[in-house]
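Examination of the molecular architecture
Chain residues, written in single-letter form:
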Amino acid sequence: MIRDAFDAVRVRKNFPALNQKIYGKPLVYLDNAATTQKPKSVIDALEQYYSSENANIHRGIYYLSQQATNAYEGVRARVRQFLNARSSEEIIFVRGATEGINLVAQSYGRTYVKEGDEIVVSVMEHHSNIVPWQMLCDEAGARLRVIPINDEGEILTGEYENLLNERTKLVSIAHVSNVIGTLNPVKEMVEKAHGRGIPVLVDGAQAVPHLKVDVQDLDCDFLVFSGHKMFGPTGVGVLYGKSELLEKMPPYQGGGDMISSVTFEKTVYNKIPYKFEAGTPHIAGVIGLGRAIDYLNEIGMEEIAAYEEELLRVATEALGRVPGLRLIGTARKKSAIVSFVLKEVHPHDIGTILDRQGVAIRAGHHCAMPLMQRFGVPATARASFAFYNTKEDVDALCRALGKVREVFK
Ligand code: C6P
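Conventions and cut-offs
- Residues numbered from 1 in each chain as written.
- Predicted model: local features only at pLDDT ≥ 70, side-chain atom pairs only at ≥ 80, totals over all residues.
- Heavy atoms only, no water.
- Helix = DSSP H or I, 4+ residues; strand = E, 2+ residues; numbered from the N terminus.
- Rg over C-alpha atoms; globule rule 2.2 N^0.38 Å.
- Buried < 20%, exposed > 50% of the residue type's maximum accessible area, 1.4 Å probe, protein only.
- Contact = heavy atoms within 4.5 Å.
- Areas by Shrake-Rupley, 256 points an atom, 1.4 Å probe, with all protein chains shown as cover.
- Near = heavy atom within 4 Å.
- Polar contact = N/O pair within 3.5 Å; in protein donor to acceptor, adjacent residues only side chain to side chain.
- Domains from an automatic or database assignment.
- Pairing = 2+ DSSP bridges.
- Axes fitted to C-alpha atoms, helices over the stretch in contact; angles between N-to-C directions.
- Buried area = accessible area lost by both parts, 1.4 Å probe.
- Salt bridge = Lys/Arg side-chain N within 4 Å of Asp/Glu carboxyl O.
- Nonpolar A, V, L, I, M, F, W, Y, C, P; charged D, E, K, R; others polar.
- Phe/Tyr/Trp six-rings, centres within 6.5 Å; stacked < 30°, edge-to-face > 60°.
- Lys NZ or Arg CZ within 6 Å of the ring centre and 35° of its normal.
- Core = buried A, V, L, I, M, F, W, Y, C linked by side-chain atoms within 4.5 Å.

Along its length, the protein carries 14 helices and 17 strands. What you see for the protein is a C-alpha radius of gyration of 22 Å, in line with the 22 Å of a compact globule of 409 residues. With respect to the three principal axes, the spread of C-alpha positions in the protein is 75 × 55 × 35 Å. Per-residue burial over the protein gives 55% buried out of 409 residues. Across the protein, every contact between residues at least 6 apart in sequence was considered, and the portion connecting residues at least 24 apart equals 72%. Only carbon and sulfur atoms are counted for the fraction: they give 50% of the accessible area of the protein, which is about 17,500 Å².

Rendered as structure tokens:
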């Protein structure tokens, strides 16, 4: 039984985009790992900012600019609280998870990673947590080492420990896989890396919107996430970094706001976090992200996680009854993401037929080609859930899969 305490049907009403028909069928939105829909409060915050509060920040001495600065910095404080970081200066606004990882690769990586050094990632990483490290390795003459997984899609922790050595300069690992939903034991992995003095970056893109993430508890050195996957606007995200590391890192980009003084002879950089926020940031996006965090706090991350866990259980059971369906990724600890293949049907065909039934899922390699190779499939179909999805959405998914079977029988 899906928990009665959590009223997804009521919550859905806050999301205007969910209330529409696609090809005459009610939209069943199951592509939340790609991006989530936005609550009215976030949409309203953007409209209000642009209609009556718009001004640049950190520059103006006039009322509107000060208001915009206060709103922007207020969100930094709320993100700090949301992640339980020690200080607001540890919160850097970026474009999203991808930019956060590139920032660390270019700033921390180019400073500390030298020829012969190693960076450790897992086979289930999103391309955003592979390619920036490959680029760095190519430049520095360093090597990428890859943690293998078992057939269920779980990290082989013994193999992980064996990979750590005196050449390892950084571990970068997804908290939750965007393809198979595996919830990785990041706290234990951080502990092992720290035992050897190795810092760890956590890609929190699929975790922060769905469970309570506490950076002090994880003790990770860096963590990134994207606003648009957590009910906020696109084009904004967060890099959390421990202040002692951020202090030592050079800026990632040069420009306005990241300096305290400039002459042609010498530029003195601003203090953190501003040192890493060159140019006018996505002010409206940050304000919208703040509103999304308020929304999540109102519901409660524990409530959300518990509800989605049950949704995952219901979906896994229901999909298990679909003839010819093979689940890819059956880890014991999972987030509400299910990837699957159907005998003799290409995932793109599944996606197309489902779309005609109003069911939006993603089909493809999910920007995780090495993981596809690991499971020996070119692509999967993926349904990814959020707290506004219901058991009826799972039923609609299964009914639509029945149509796929009819077409391909
Ligand atoms: N995954 C998906 O459909 P950006 O694009 O910067 O907001 O997020 C990149 C990213 C990084 N790490 C993980 C674990 C992710 O899942 C993503 C984005 C989307 O699975 C789009 S490819």
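We now examine the site of the ligand. Around the ligand there are 16 residues in total, and Thr 98, Asp 203, Gln 206, Ser 226 and Arg 362 lie nearest to it. Between His 126 and the ligand, the recorded distance is 3.4 Å, taken from a side-chain N or O atom to a nitrogen atom. Take Gln 206: an N or O atom from its side chain is 2.7 Å from an oxygen atom of the ligand. Expressed as a share of its isolated accessible area of 520 Å², the protein-covered part of the ligand is 87%. There are two domains that each give the shell around the ligand at least three residues, and those are domain 1 (8-30 + 300-407) and domain 2 (43-298).

The next subject is the sheet that holds strand β8 (residues 200-203). Here we have seven strands laid out as an open sheet, ordered β4-β10-β9-β8-β7-β5-β6, and mixed in their pairing. What marks the edges here is a single partner per strand, and that holds for β4 (91-94) and β6 (143-147). Each adjacent strand pair in this sheet contributes to an overall mean axis angle of 20 degrees, direction not counted.

Segmenting the protein into domains produces domain 1 (8-30 + 300-407) and domain 2 (43-298). Computed from C-alpha atoms alone, the centre-to-centre distance between domain 1 and domain 2 is 28 Å. Taken together, the contacts link 36 residues of domain 1 with 33 residues of domain 2. Per-residue buried area on domain 1 facing domain 2 is highest for Met 301, Leu 371 and Arg 374; these three make up 23% of the total on that side. Across the domain 1-domain 2 interface, the total number found is two salt bridges. Of the charged contacts in the structure, one is a salt bridge between Arg 374 and Asp 151, with a shortest N-O distance of 2.8 Å. Where domain 1 packs against domain 2, one counts 19 residue pairs in polar contact (both at pLDDT 80 or more). Among the secondary structure elements, those contributing two or more residues to the side of domain 1 that touches domain 2 are α11 (301-320), β14 (337-342), α13 (369-375) and β17 (380-384). With six residues, α13 is the single largest residue contributor to the side of domain 1 that touches domain 2. Here the residues of the side of domain 1 that touches domain 2 are counted per class, giving 20 nonpolar, nine polar and seven charged.

Turning our eyes to something else, we now look at the packing of aromatic side chains. Taken as a whole and assessed by the stated rule, the structure comprises 14 aromatic pairs. With a centroid separation of 4.7 Å and an interplanar angle of 40 degrees, the aromatic rings of Tyr 108 and Tyr 112 are classed as tilted. Placement of both Tyr 108 and Tyr 112 in helix α4 (residues 97-112) is noted, with a separation of four residues, approximately one turn of the helix. Overall, Tyr 108 belongs to the buried group, its relative accessible area being 9%. Ring geometry for Phe 387 against Tyr 388: centres 5.6 Å apart, planes inclined by 65 degrees, an arrangement best described as edge-to-face. Owing to a relative accessible area of 0%, Phe 387 belongs among the buried residues under this scheme. It is Lys 212 that lies over the ring of Phe 82; its NZ or CZ is 5.7 Å from the centre. Positioned above the aromatic ring of Tyr 23 is the side chain of Arg 356, whose terminal nitrogen or guanidinium carbon lies 3.9 Å from the ring centre.

What follows is about the nonpolar core. The nonpolar side chains of a soluble globular protein tend to be buried, and buried together. With 109 residues, the main nonpolar core has Leu 83, Leu 223, Ile 350, Phe 387 and Leu 401 as its most contacted residues. For this core, the element with the most residues is helix α10 (residues 283-299), which contributes 10 residues. When residues of this core are assigned to domains, at least three fall in each of domain 1 (8-30 + 300-407) and domain 2 (43-298). Discounting chain neighbours no more than four positions away, the residues touching Leu 83 are Ile 91, Val 208, Val 213, Asp 214, Val 215, Leu 223, Phe 225 and Tyr 240. Core analysis: the next-biggest nonpolar cluster, separate from the first, contains 27 residues, Ala 97, Cys 137, Leu 239 and Leu 245 among them.

With respect to the element layout, His 175 can be found in the loop between β7 (168-174) and α7 (186-194). The contact partners of His 175, leaving out residues within four places of it in the chain, are Thr 182, Leu 183, Asn 184, Val 186, Val 202, Asp 203, Gly 204, Ala 207, Leu 211, Val 213 and Leu 218.

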